Number of protein chains: 4
Amino acid sequence: MSDIDTDTPEQLDDVSALPGYSETKQAHLKRLRRIEGQVRGIARMVEQDQYCIDVLTQVSAATKALQAVALGLLDEHLSHCVVDAVAAGGDERDTKLREASDAIARLVRS
Amino acid sequence: MSDIDTDTPEQLDDVSALPGYSETKQAHLKRLRRIEGQVRGIARMVEQDQYCIDVLTQVSAATKALQAVALGLLDEHLSHCVVDAVAAGGDERDTKLREASDAIARLVRS
Amino acid sequence: MSDIDTDTPEQLDDVSALPGYSETKQAHLKRLRRIEGQVRGIARMVEQDQYCIDVLTQVSAATKALQAVALGLLDEHLSHCVVDAVAAGGDERDTKLREASDAIARLVRS
Amino acid sequence: MSDIDTDTPEQLDDVSALPGYSETKQAHLKRLRRIEGQVRGIARMVEQDQYCIDVLTQVSAATKALQAVALGLLDEHLSHCVVDAVAAGGDERDTKLREASDAIARLVRS
């Protein structure tokens, strides 16, 4: 939408403000675009009245792919944001640990 | 049941060839397009370096939405395709039951 | 073990009243007793202050084992009870299909 | 790190060697004993040829209860063991973070 989209996190002055996944951002984006394509493909299968079981197989594959993205993001979140918050200590640490646990619970239950 | 049923995609002669979800096809398509938008939104969040936990919340929501689509498709598959196959009996029945069990297992494990 | 085993519900003459898993009952019992032992083992690990991650590994294994029992029971339920209900038709069929779908949903979400 | 590592939790003078869940150990044990009873109850249901769907409902409940134990253990593991490891830094930190991520992945996939 913007005419200047620099897309480059490296130019940010405040490195600490970057999310934990910034180093692997391109890999996550690639995976997410592939999943977006998978979901579009599933809609096309439904549109074309393809067989239920074949549609379900693709839904399971897309679900697994989304979980893999989540596990990757979480791993990096622990290694960066949570590690930084533990170093900072106090409320910052407690808040980040609570958030991480809640995110893991949502993931396990989804 | 109705003598004029124009609900079918492209005037199919062989109604039995339609998948189990054909009556609710539009609802499934609507849900899938929403999920496609959710996944695109997640990619945009990553693109914009948004906070890991917020990205994870959206990934969990998209995963749950995909599961809901799968459960809907499966429910209709049992009520239509599997019911028909049981009526047909023999190999047709056994194949369809095996397929359904395998699809359920993939779903539970994904 | 006992020479008189009156543990069975109501001296069934009617084989059709047996659950779908009756042919594989012994296999299910064996698996369930192993899972019971796994859970007891996990409690013992906690009792002995064993390392969290090792405890978690055993919890994941027990969860997977329970899921495998569920998938086995469900598979047989579809092949027997649901098949019989479809043959019976009417309300019986609709009720059994609804029940099966609900059980699958609980399984996928647990 | 210690020159004498007997590996036996009972002899520990060093509180830091206790697992992350030590403060809530009794609560975990109580939950685990309840789950053990649930699994034994499921075996009894199968023994008595109870209805498949009722058995499945109990299996889903036991699975959810196991997941809740896992999430509790993981939460405390992050707040104690991982926090300590981050303070220690170096290999200790990296190992503990890797272990935690792997345990989360096993949990999400089980």
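First, a word on what this report is: a plain description of the structure on this page. Predicted, not measured: the structure shown is a model, and the values here were computed from it.

All right, on to the environment of C:Asp49 then. Considering the arrangement of structural elements, one finds C:Asp49 in the loop between helix 1 (25-47) and helix 2 (52-88). The buried category is assigned to C:Asp49, whose relative accessible area is 18%. When the C-alpha atoms of C:Asp49 and C:Thr63 are compared, they prove to be 21 Å apart, with 14 residues separating the residues in sequence. A polar side-chain atom of C:Asp49 sits 3.1 Å from a polar atom in the side chain of D:Lys25.

After a rotation of 180 degrees and a shift along the axis of 0.0 Å, chain C superposes on chain D with an RMSD of 0.0 Å. In symmetry terms, the pair is related by a two-fold rotation axis. A shared binding surface is used by both copies, with 96% of the interface residues of chain C retained as interface residues in chain D.

So, on to the interface of chain C and chain D. Tallying the contact residues gives 50 residues for chain C and 48 residues for chain D. Counting each side, the surface lost to burial between chain C and chain D is near 4600 Å², with a carbon and sulfur contribution of 68%. Sorting the residues of chain C by area buried against chain D places C:Asp49, C:Leu56 and C:Leu66 first, and these three jointly supply 13% of that buried surface. The interface formed by chain C and chain D includes 6 salt bridges. D:Asp49 is the salt-bridge partner of C:Lys25, the closest N and O atoms lying 3.1 Å from each other.

If you check helix 3 (residues 90-109) of chain D, its first and last C-alpha atoms are 29 Å apart, about what 20 residues at 1.5 Å a residue would give, namely 28 Å. Packed against the buried residues of helix 3 of chain D are helix 2 (52-88) and helix 3 (90-109) of chain A, helix 2 of chain C together with helix 2 (52-88) of chain D.

Over its 23 residues, helix 1 (residues 25-47) of chain B extends 33 Å from the first C-alpha to the last, a length consistent with the 33 Å expected when each residue adds 1.5 Å. The first or second residue beyond helix 1 of chain B is B:Asp49, which carries a positive phi of 55 degrees.

Moving on: the side chain of B:Asp75. Counting through the fold element by element, B:Asp75 comes out in helix 2 (residues 52-88). One polar contact links B:Asp75 to C:Arg98, side chain to side chain, over a distance of 3.0 Å. Excluding anything up to four places from it in sequence, B:Asp75 contacts C:Arg98 and C:Ser101.

The next subject is the side chain of C:Lys25. With respect to the element layout, C:Lys25 can be found in helix 1. C:Lys25 sits in the buried class, given a relative accessible area of 11%. Look past the residues within four positions of C:Lys25 in its chain and what remains in contact with it is D:Val46, D:Glu47 and D:Asp49.

So, about the pattern of salt bridges. For side chains of opposite charge, pairing can occur when their charged atoms come near one another. As enumerated under the stated definition, the model contains 32 salt bridges over all chains in all. With a shortest N-O distance of 3.5 Å, C:Glu47 and D:Arg33 are connected by a salt bridge. Of this pair, C:Glu47 sits in helix 1 while D:Arg33 sits in helix 1 (residues 25-47), placing the two residues on different chains. For C:Glu47, a relative accessible area of 38% gives the class partly exposed.

Here we take up the packing of helix 1 (residues 25-47) of chain A against helix 1 of chain B. At a minimum axis separation of 9 Å, helix 1 of chain A and helix 1 of chain B run at an interaxial angle of 170 degrees. When the interaxial angle is binned, helix 1 of chain A and helix 1 of chain B end up roughly antiparallel.

With that settled, consider the state of the cysteines. Counted under the stated rule, the structure contains 0 disulfides over all chains. Here C:Cys52 is not cross-linked by a disulfide; its sulfur's nearest cysteine counterpart is in D:Cys81, at 3.6 Å.

With that settled, the discussion passes to the packing of helix 2 of chain C against helix 2 of chain D. Packed helix pairs are characterised by how far apart their axes lie and by the angle those axes make with each other. In the contact formed by helix 2 of chain C and helix 2 of chain D, the axes pass within 9 Å of each other and the chain directions differ by 165 degrees. Between helix 2 of chain C and helix 2 of chain D, the angle is such that the two are roughly antiparallel. Crossing of helix 2 of chain C over helix 2 of chain D shows left-handed handedness. Split by residue class, the contact of helix 2 of chain C with helix 2 of chain D holds 22 nonpolar, 4 polar and no charged.

What follows deals with a positive patch on the surface. Taken together, the side chains of A:Lys30, A:Arg31, A:Arg34, A:Lys64, B:Arg109, C:Lys30, C:Arg31, C:Arg34, C:Lys64 and D:Arg109 make up a positively charged region of the molecular surface. Those elements that provide at least two residues to the positive patch are helix 1 of chain A together with helix 1 of chain C. Its location among the elements puts A:Arg34 in helix 1. Among the residues examined, A:Arg34 registers a relative accessible area of 54% and is labelled exposed.

This part takes up the environment of D:Ala85. Residues and elements named next belong to chain D. Here Ala85 is to be found in helix 2. Judged by its relative accessible area of 1%, Ala85 falls in the buried class. With 20 residues separating them along the chain, Ala85 and Ala105 place their C-alpha atoms 20 Å apart. Once residues lying within four places of it in the same chain are set aside, the contact partners of Ala85 are Glu92, Arg93 and Lys96.

About the cut-offs
Along each chain, residue indices are assigned from 1 in the same order as the chain's sequence is written. In the order they appear in the text, chains get letters beginning with A and ligands get numbers beginning with 1. pLDDT decides what is reported in this predicted model: residues at 70 or higher carry local features, side-chain atom pairs at 80 or more are listed and counted, and totals for whole chains, interfaces and linings draw on all residues regardless. As a convention, hydrogens and water are excluded, and side-chain values are obtained from all of the structure's heavy atoms. Only DSSP runs of H or I reaching four residues or more are called helices, and only runs of E reaching two or more are called strands; each is numbered from the N terminus. Only protein chains enter the accessibility calculation, which uses a 1.4 Å probe; a residue whose area is less than 20% of its type maximum is buried, one above 50% is exposed, and one in between is partly exposed. For this analysis, a polar contact is any N or O atom pair within 3.5 Å, provided that within protein one partner can donate a hydrogen and the other can accept it, and provided that sequence-adjacent residues contribute only side-chain to side-chain pairs. Copies overlap after least-squares fitting; the atoms used are the C-alpha atoms of residues with pLDDT of at least 70 in both. Should any heavy atoms of two residues lie within 4.5 Å, those residues are counted as being in contact. Summed over both partners, the accessible area (1.4 Å probe) lost when two parts come together is defined as the buried area. When a carboxyl oxygen of Asp or Glu lies within 4 Å of a side-chain nitrogen of Lys or Arg, that pair is called a salt bridge. Multiplying 1.5 Å by the residue count of a helix minus one yields the expected span of that helix. Between the N-to-C directions of two axes lies an angle of 0 to 180 degrees, each axis being a line fitted to C-alpha atoms and, for a helix, fitted only over the stretch in contact. We call two directions roughly parallel when the angle between them is under 35 degrees, roughly antiparallel when it is over 145, roughly perpendicular when it lies between 65 and 115, and oblique otherwise. Cysteine sulfur atoms that pair up within 2.5 Å are treated as a disulfide. By the definition used in this description, the sense in which the near helix is turned from the far one sets the handedness, with an anticlockwise turn below a right angle giving left-handed and a clockwise turn giving right-handed. Classification convention: Asp, Glu, Lys, Arg as charged; Ala, Val, Leu, Ile, Met, Phe, Trp, Tyr, Cys, Pro as nonpolar; all other residues, Gly among them, as polar. Patch definition: residues with relative accessible area over 30% and no salt bridge; like charges joined within 9 Å; nonpolar side chains (Val, Leu, Ile, Met, Phe, Trp, Tyr) joined within 5 Å. Reported accessibility uses the Shrake-Rupley method at a 1.4 Å probe radius. Residues are deemed covered only where the shown protein chains occlude them. Neither His nor the chain termini are counted; the positive set is Lys and Arg, and the negative set is Asp and Glu. A charged residue contributes its charge at one atom only: NZ of Lys, CZ of Arg, CG of Asp or CD of Glu.

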